[in-house]
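Spelled out from the first residue to the last, the chains are:
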Amino acid sequence: MNKIRELREKQNMTQQELSNKSGISRSYISQLENNSHLIVKSSTMVAIAKALKKPVSAIFFKWFVN
C-alpha cells in the first residue's frame, strides 16, 4: 500500500481532508497515492508530511525505517 494512503487512513482522514490541510489538490493526492508521479516537488512533500504530522523521509523515501 502507498505510504501516503496508509498514514492518511490510519488517521481516519479523507483525501479531501488531507487536501485541505496540505493545500495540495485532492486529485494530485489521489495521483500520488496511485503512484502516478515519480518526481514530487520538495514543497509538496513538506506540505503533505506536515499535514500527516510525519517526517518527509517516513513518507517519501522507501529506505527509511520507522
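Here the structure is a predicted model, which is why all the values come from computation and not from measurement.

Before going further, it helps to examine the side chain of S22. Looking at where S22 falls in the secondary structure, it is placed in helix α2 (residues 15–22). Classification of S22 as buried rests on a relative accessible area of 11%. Only 2.8 Å separates the side chain of S22 from the backbone oxygen of L18, close enough to count as a polar contact. Setting aside its immediate chain neighbours within four residues, S22 contacts I29, A47, I48 and A51.

Moving on to the packing of α2 against helix α4 (residues 42–52). Between α2 and α4, whose axes approach to 8 Å, the crossing angle comes to 115°. In terms of their interaxial angle, α2 and α4 are classed as roughly perpendicular. Considering how the two elements wind past one another, α2 and α4 form a crossing that is right-handed. Contact with α2, carried on its side by L18, K21 and S22, involves A47, I48, A51 and L52 of α4 and no other residues of that element.

Parameters at a glance
Residues take numbers from 1 onward in each chain, read along the sequence in its written order. Side-chain atom pairs in this predicted model are given and counted only at pLDDT of 80 or more, local residue features only at pLDDT of at least 70, and totals for whole chains, interfaces and linings cover all residues. Only heavy atoms go into the side-chain values, all of them from the structure, while hydrogens and water stay out. Counting from the N terminus, the helices are the DSSP runs of H or I reaching at least four residues and the strands are the DSSP runs of E reaching at least two. For every residue, the accessible area (1.4 Å probe, protein chains only) is compared with the maximum for its type, and the residue is labelled buried under 20%, exposed over 50%, or partly exposed between those bounds. Under this definition, polar contacts are N or O atom pairs within 3.5 Å; protein pairs additionally need one hydrogen-donor-capable and one acceptor-capable atom, and for neighbouring residues in sequence, both atoms have to be side-chain atoms. Residue contacts are counted whenever heavy atoms from the two residues lie within 4.5 Å of one another. Orientation is described by lines fitted to C-alpha atoms, with helices fitted over the stretch in contact, and by angles between N-to-C directions that extend from 0 to 180 degrees. Roughly parallel means an angle under 35 degrees; roughly antiparallel means over 145; roughly perpendicular covers 65 to 115; every other angle is labelled oblique. Each crossing gets its hand from how the near helix is turned against the far one by less than a right angle, where anticlockwise is left-handed and clockwise is right-handed.

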